[in-house]
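Each chain, letter by letter, is given below.
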Amino acid sequence: MALMSYLVRDRHCTYYFRRPIPVALRPFMPAPWTGKTAWTKSLRTKLPAAAKQAGARALRDCMADFEAAERAQRGESLPPPPRRSPLPPLEEIERDVLAGLLADDEAERLHGDARRHLQTAEERRLLPDLVPVPHGRRGIGEDYAHVLGLELEEELAEYRRALSRSEPGAVDGETRAYLRAKNVPIDPTSEAYHEAGIAVLKAHVRAYGLRLERQRGEVVPTPAPSTGQGPKLSEAYEAWKAGSGARGSRKPAAKTLLEADHAVRRLTEWVGDIRLGSLTREMVRTFRDALATMPTRLPESLRRLPLRELLMRDLKAYPAAHASTINKSLNILSAIVSHAEAAGKLDAVPAFRNPFGKGAKLVVEERAEEARQPFSRTDLASIFGAEVFTNGKRPVGGGGEAAFWLPVLALLSGARQGELAQLRVADLAQDEETGVWHIAIGTDGGRNIKTASSRRKVPLHPALEGIGLLRYRQSLVDAGAGPTASLWPAMNVDRVAQPAGAWSKWFTRFLRETAGVADRTKVFHSFRHTFKRLARDARLGEEVHDALTGHTGGGGVGRSYGSGFGLKALAEEIARIEAPEAVRGLRWEAPRPAAAQW
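The rules we used
Residues numbered from 1 in each chain as written. Predicted model: local features only at pLDDT ≥ 70, side-chain atom pairs only at ≥ 80, totals over all residues. Heavy atoms only, no water. Helix = DSSP H or I, 4+ residues; strand = E, 2+ residues; numbered from the N terminus. Buried < 20%, exposed > 50% of the residue type's maximum accessible area, 1.4 Å probe, protein only. Contact = heavy atoms within 4.5 Å. Areas by Shrake-Rupley, 256 points an atom, 1.4 Å probe, with all protein chains shown as cover. Pairing = 2+ DSSP bridges. Salt bridge = Lys/Arg side-chain N within 4 Å of Asp/Glu carboxyl O. Axes fitted to C-alpha atoms, helices over the stretch in contact; angles between N-to-C directions. Parallel < 35°, antiparallel > 145°, perpendicular 65-115°, else oblique. Nonpolar A, V, L, I, M, F, W, Y, C, P; charged D, E, K, R; others polar. Phe/Tyr/Trp six-rings, centres within 6.5 Å; stacked < 30°, edge-to-face > 60°. Lys NZ or Arg CZ within 6 Å of the ring centre and 35° of its normal. Arc of directions from axis to C-beta. Core = buried A, V, L, I, M, F, W, Y, C linked by side-chain atoms within 4.5 Å.

### Some remarks on the overall build of the chain
Helix and strand content of the chain: 24 helices and six strands. Expressed as a percentage of its 598 residues, the buried residues of the chain come to 42%. Contacts spanning at least 24 positions in sequence make up 69% of the contacts within the chain whose residues lie at least 6 apart. Working note: accessible area of the chain is about 31500 Å², and carbon and sulfur atoms make up 53% of it.

Structure (structure tokens):
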């Protein structure tokens, strides 16, 4: 009964919700009800049952505003809001509201004459002055249609006037209802709320125009809501991260997930949590161009800013992002869309094409795209002639003995920096069958590897034993290190994404400032390129040094059968590689107590 007492009808028999606002609360009511005498909302229906349902929702919204006003009156702060979804894209809001209005109009024209529900046919026959109503069949009568047309013209004119002034107050109730249904926070003072209101208002202008076309007998189909546009970006991303669930199916690596988090975050900031079917190539191009203007090496205070706000700042002091970096983000986003497409989530979208496809990426100037280069003899002499290797110095940031061993191991094994950083004592082992000492690169103990082909065992180059790697391992065991202990106890290893992140920064400083290698194409990964060059110089077959370095290699399916090369065969092959002169005289000695430097 309480609810129905707040429902009123206008002269067109459309139901409204109206509840008086207590005088004491009026100054404290949230916008747009501040200072108003009543909280009102059009329920957009002439059907009593539908009005009751819509009225229940309006009553909930009204009570929430009353409670907020009471808290403001008492000087209380608002409770922390629950976790809410981001604002949907404005195009999605407009499409959803338009579809809902036209669906309601279609239902009203089918069985919307409210007079059917007010009296039975027998009751109306007792009142001969009343206009006949089409009981027992669908559709609306001519008099109802005439009044409906007048109402549509009047309301369309009202919405157009509001849109001409960019004043969405005429649809504030509808805007609140939409956002609340989407679990989006409602802040009438925010720019986002105003933009959402304009999208709802545009939908009303379009919808009422189309309703008038229906009124003239034109065929106007009801569009599908945005759910027919496939999954949201956030939903597609979660599905891509989870993979197919099948045994042996590939999931994104931890480092890829970090890059994907960044790409999805920036795209969401640019276009909202859009449904993939609504994502156009034009949107992708403008997003790509926005990424191209976003520099790198930003301080944390700037990195936290939303993309549109960030690009409004003065960023001239920071270096520009490389085209290949931007293309990497676009490739990840393309993979997320392709995963959803392969799963059939976009089958209902007519003529769907991945918007990150051909033409979306930036053209990279091949001549300017300098690949990582191997170290020269002079470079190696400068690196291994430093006091880290010749005088036992252990700089701050170098991770203790990792400063000595990671460069040496990378040069003589071709292993990646992350693979070496994650090694445990048990991963430097002697094979029981062949007696070959080797390093085991895999995922045991929570380690990460780049690809499935990265899982391998690499025999120790004879020079490593001569330099003292096995003596170093034994010193850890003698000190009480167990099999699962890190081979580099002083190194801070992040096993989640970039195992040697902090150490990598130290090595880059060492390489540039101490070793004097200024060429930017030469980095730690250049040891891997140097090893590949040494392997070719020793006339090792491509398959052999692909097996040593964990590269996939070519050659067809037949080469993938079996377990590759045996350890003994690989040990014989790696022994053919001549150790560079710069490391032949190196000898590891147990560290002397001394103050760390650099």
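### A few points about helix α6 (residues 172-181)
Within α6, seven of the 10 residues are buried, leaving the element largely enclosed by the surrounding structure. For α6, the set of buried residues is Asp172, Gly173, Glu174, Thr175, Arg176, Tyr178 and Leu179. Its buried side turned inward, α6 meets β3 (38-42), α1 (48-74), α2 (90-111) and α7 (191-215). Directly beyond the C-terminal end of α6, a positive phi value near 60° is found at Asn183.

### Notes on the pairing of β3
Within β3, four of the five residues are buried, which leaves it mostly tucked inside the rest of the structure. For strand β2 (residues 15-20) and β3, the ladder comprises five bridges, and the chain directions are antiparallel. Residue Phe17 lies in a different strand from β3, and its bridge partner there is Lys41.

### Focus on the pattern of salt bridges
Within this structure, the stated rule accounts for 34 salt bridges. Ionic pairing is found between Arg206 and Glu94, a salt bridge with its closest N-O pair at 3.1 Å. Of this pair, Arg206 sits in helix α7 while Glu94 is found in helix α2, placing the two residues 112 residues apart along the sequence. Between Asp546 and Lys532 there is a salt bridge whose closest N-O contact spans 2.9 Å. Residue Asp546 is located in helix α22 (residues 542-549), and its partner Lys532 is located in helix α21 (residues 526-537); the two are separated by 14 residues in the primary sequence. The same class applies to Asp546 as to Lys532, namely buried. A network of salt bridges, in which partner residues are shared, links Lys46, Asp105, Glu106, Glu108, Arg109, Glu151, Arg211 and Arg214.

### Let's talk about the packing of helix α8 (residues 233-242) against helix α13 (residues 323-342)
The N-to-C vectors of α8 and α13 enclose an angle of 90°; their axes lie 9 Å apart at closest approach. Relative to α13, α8 is oriented roughly perpendicular. Each of Ala236, Tyr237, Ala239 and Trp240 in α8 lies in contact with α13, whose residues at this interface are Ile332, Ala335, Ile336, His339 and Ala340. Counted by class, the contact of α8 with α13 contains eight nonpolar, one polar and no charged residues.

### Some details on the packing of aromatic side chains
This structure, assessed with the given rule, holds 23 aromatic pairs. Note on Phe389 and Phe404: the rings are 5.5 Å apart at their centroids and 45° apart in plane angle, and the pair reads as tilted. Taken together, the residues Phe389 in helix α15 (residues 387-390) and Phe404 in helix α16 (residues 402-413) connect sequence positions 15 residues apart. For the ring pair Phe404 and Trp405, a centre distance of 4.9 Å and an interplane angle of 75° mean the geometry is edge-to-face. A single burial state applies to Phe404 and to Trp405, both of which are buried. If you follow Arg211 out to its NZ or CZ, it ends over the ring of Tyr208, 5.0 Å from the centre. The lysine or arginine in question, Arg308, covers the ring of Trp270, its NZ or CZ lying 3.9 Å from the ring centre.

### Here's the deal with helix α14 (residues 377-384)
Along an α-helix, a turn takes 3.6 residues, which lines up residues three or four apart on a common side. Among the residues of α14, Asp379, Leu380, Ile383 and Phe384 are the ones counted as buried. Considered in projection along α14, the buried side chains sweep an arc of 110° and stay on one side of the axis. Within α14, the exposed residues directed more than 90 degrees away from the buried face are Arg377 and Thr378.

### Quick look at the sheet that holds strand β5 (residues 437-441)
As a general point, the strands of a sheet are linked pairwise by backbone hydrogen bonds and lie either parallel or antiparallel. Strand order in this open sheet of three strands is β4-β5-β6, and the pairing throughout is antiparallel. Of all the strands in the sheet, the pair left with one neighbour each is β4 (428-430) and β6 (456-459). Each strand of the sheet is rotated relative to its neighbour by a mean of 40°, with strand direction disregarded. In this structure, β4 lies alongside β5, joined through three bridges in antiparallel fashion.

### What about unusual backbone geometry?
Its identity as a non-glycine residue notwithstanding, Arg297 has a phi of 55°, on the positive side. Within the fold, Arg297 resides in the loop between α10 (281-292) and α11 (300-303). You will see that Arg539, though not glycine, has its phi angle at about 65°, which is positive.

### Quick word on the sheet that holds strand β1 (residues 7-9)
Read from one edge of the open sheet, three strands run β1-β2-β3, paired in antiparallel fashion. What marks the edges here is a single partner per strand, and that holds for β1 and β3. When strand polarity is set aside, the average angle formed by the axes of neighbouring strands in this sheet is 30°. As defined by bridge partners, β1 adjoins β2 across three bridges and the pair is classed as antiparallel. Within the sheet, the bridge partner assigned to Arg9 lies in β2 and is Tyr15. Contacts from α1 reach β1, β2 and β3, with the element oriented near 30° to β2.

### As for the nonpolar core
One finds Ile383, Phe384, Trp405, Val408, Trp488 and Phe527 to be the most contacted residues of the largest nonpolar core, which totals 59 residues. At 10 residues, α16 tops the list of elements feeding residues into this core. In contact with Trp405, not counting residues within four places along its chain, are Leu464, Ile467, Gly468, Leu469, Tyr472, Trp488 and Trp588.

### A closer look at the environment of Arg281
Within the secondary structure, Arg281 is located in helix α10. With relative accessibility at 23%, the residue Arg281 sits in the partly exposed group. Once the C-alpha coordinates of Arg281 and Gly357 are considered, the two residues, 76 residues apart in sequence, prove to be 8.7 Å apart. Aside from chain neighbours lying at most four places away, what touches Arg281 is Arg353, Asn354, Pro355, Gly357, Lys358, Gly359 and Ala360.

### Topic: the packing of helix α9 (residues 254-271) against α13
Each pair of packed helices can be described by the angle between their axes along with the distance between the axes. Following both chains from N to C, one finds α9 and α13 inclined at 85°, their axes separated by 9 Å at the closest point. Classified by the angle between their axes, α9 and α13 sit roughly perpendicular to one another. Along its contact with α9, which presents Thr256, Glu259, Ala260, Ala263, Val264 and Leu267, the element α13 presents Lys328, Ser329, Ile332, Leu333 and Ile336. Taken together, the residues of the contact of α9 with α13 sort by class into seven nonpolar, two polar and two charged.

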